[in-house]
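Spelled out, the chains give:
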Amino acid sequence: MKGLIRGLQIELGESTIDGIFGNGTATKFNTMFPNGLSESTDDSSQNVKNIIYILQGGFYCRGIDPETFNGFFGIQTTDAVKEFQTQAGITPDGIVTAKIMKPILTTDAFTLLSSGDSKIREIQQALNSKYSSYMDLIPTNGLSDRKTSKGLIVGLQKEINVTVDGIW
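Residues numbered from 1 in each chain as written. Predicted model: local features only at pLDDT ≥ 70, side-chain atom pairs only at ≥ 80, totals over all residues. Heavy atoms only, no water.

Enquirer: Report on the environment of Thr-68, specifying residues and quantitative values.
Expert: With respect to the element layout, Thr-68 can be found in the loop between α3 (46–61) and α4 (75–88). Owing to a relative accessible area of 14%, Thr-68 belongs among the buried residues under this scheme. For Thr-68 and Gln-56, which are twelve residues apart along the polypeptide, the C-alpha to C-alpha distance reads 7.6 Å. Contacts of Thr-68, omitting those with residues within four sequence positions, involve Gln-56, Tyr-60, Gln-76 and Thr-77. A distance of 3.0 Å separates polar atoms of two side chains, one belonging to Thr-68 and the other to Asn-70. (Helix = DSSP H or I, 4+ residues; strand = E, 2+ residues; numbered from the N terminus. Buried < 20%, exposed > 50% of the residue type's maximum accessible area, 1.4 Å probe, protein only. Contact = heavy atoms within 4.5 Å. Polar contact = N/O pair within 3.5 Å; in protein donor to acceptor, adjacent residues only side chain to side chain.)

Enquirer: Account for a nonpolar patch on the surface, with residues named and values stated.
Expert: Taken together, the side chains of Leu-156, Ile-160, Val-162 and Trp-168 define a hydrophobic patch exposed on the protein surface, amounting to about 460 Å² of accessible area. In this fold, Val-162 is placed in the segment after α7 (146–159). Assessed through its relative accessible area of 41%, Val-162 is described here as partly exposed. (Patch = residues over 30% accessible without salt bridge, like charges linked within 9 Å, V, L, I, M, F, W, Y side chains within 5 Å. Areas by Shrake-Rupley, 256 points an atom, 1.4 Å probe, with all protein chains shown as cover. Salt bridge = Lys/Arg side-chain N within 4 Å of Asp/Glu carboxyl O.)

Enquirer: Which residues make up the nonpolar core, and what values do they have?
Expert: Within the largest apolar cluster, 29 residues are counted, with the highest numbers of intra-cluster contacts made by Leu-8, Phe-29, Leu-37, Leu-55, Val-96, Met-101 and Leu-105. No other element matches the six residues that α3 contributes to this core. In this view, Leu-55 contacts Leu-37, Phe-73, Thr-77, Val-81, Val-96, Met-101 and Ile-104; residues no more than four positions away in its chain are not counted. Membership of the second largest hydrophobic core comes to five residues, among which are Leu-127, Tyr-131, Ile-138 and Val-154. (Core = buried A, V, L, I, M, F, W, Y, C linked by side-chain atoms within 4.5 Å.)

Enquirer: Go over unusual backbone geometry with me, naming the residues and quoting the values.
Expert: Positive phi, normally seen in glycine, also occurs at Glu-67, with a value near 65°. With respect to the helices, strands and loops of the structure, Glu-67 is situated in the loop between α3 and α4. Located in the positive-phi region is Asn-161, a residue other than glycine, with phi close to 60°. Mapping Asn-161 onto the fold places it in the segment after α7.

Enquirer: An account of the packing of helix α1 (residues 2–12) against helix α2 (residues 23–32) is requested, with residue identities and associated values reported.
Expert: At a minimum axis separation of 10 Å, α1 and α2 run at an interaxial angle of 55°. Of the possible angle classes, the one that applies to α1 and α2 is oblique. For the pair α1 and α2, the sense of crossing is left-handed. The residues of α2 that touch α1, namely those facing Leu-8, Gln-9, Glu-11 and Leu-12, are Thr-25, Lys-28, Phe-29 and Met-32. (Axes fitted to C-alpha atoms, helices over the stretch in contact; angles between N-to-C directions. Parallel < 35°, antiparallel > 145°, perpendicular 65-115°, else oblique. Left-handed = near helix turned anticlockwise from the far one by under 90°.)

Enquirer: Tell me about the side chain of Asn-141, and name the residues and values.
Expert: The topology assignment puts Asn-141 in the loop between α6 (118–131) and α7. Taking relative accessible area as the criterion, Asn-141 reaches 7% and is therefore assigned buried. Excluding anything up to four places from it in sequence, Asn-141 contacts Ala-109, Thr-111, Leu-112, Leu-113, Gly-116 and Gln-124.

Enquirer: Describe the pattern of salt bridges, and please don't skip the residues or the numbers.
Expert: All chains considered together, the criterion is met by four salt bridges. A salt bridge links Asp-136 to Lys-102; the nearest nitrogen and oxygen atoms lie 2.9 Å apart. Of the two residues, Asp-136 sits in the loop between α6 and α7 while Lys-102 sits in helix α5 (residues 98–104), which places them 34 residues apart along the sequence. Owing to a relative accessible area of 44%, Asp-136 belongs among the partly exposed residues under this scheme. The residue Glu-122 makes a salt bridge to Lys-119 at a minimum N-O spacing of 3.9 Å.

Enquirer: Go over a negative patch on the surface, please, and point to the residues and values.
Expert: The grouping of Glu-39, Asp-65, Glu-67, Asp-79 and Glu-83 at the surface amounts to a negative patch. Residue position: Glu-83 is located in helix α4. (Lys, Arg positive; Asp, Glu negative; His and termini not counted. Charge placed at Lys NZ, Arg CZ, Asp CG, Glu CD.)

In structure tokens, the structure reads:
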């Protein structure tokens, strides 16, 4: 995944190629695709095609088959994006923003693990659904972990109307 992020950073024209999807990478991605990356994106430039290859490669690495590896954002890639969005618990629209691209390029599980709990997964999906504008998407693997705890804190902070930073 680090290699895919490095490739993305190169295609976005970042000066630091470190394989870490941080704020700089997110800003560059959202600047290049202000309406998100989707079927309606002009994919005639090599940069955009390469970014779509990276997206499709990310799906293969996480076990979602985009049914194609061709650098074109067609219906199969849209379906893969929607499948991931559904796994994460957010409304599936088939549009890739930095908020979606970042977790696609991680090894975090967004499916229920055999050691996970389906109720915890429901909580994780609900947190993503309601509070993803205040935090990164959290894995929906059914395991109670640090990211889930931070998501719960973010949700609480938002609901009681205090500074939302995920820190108790």
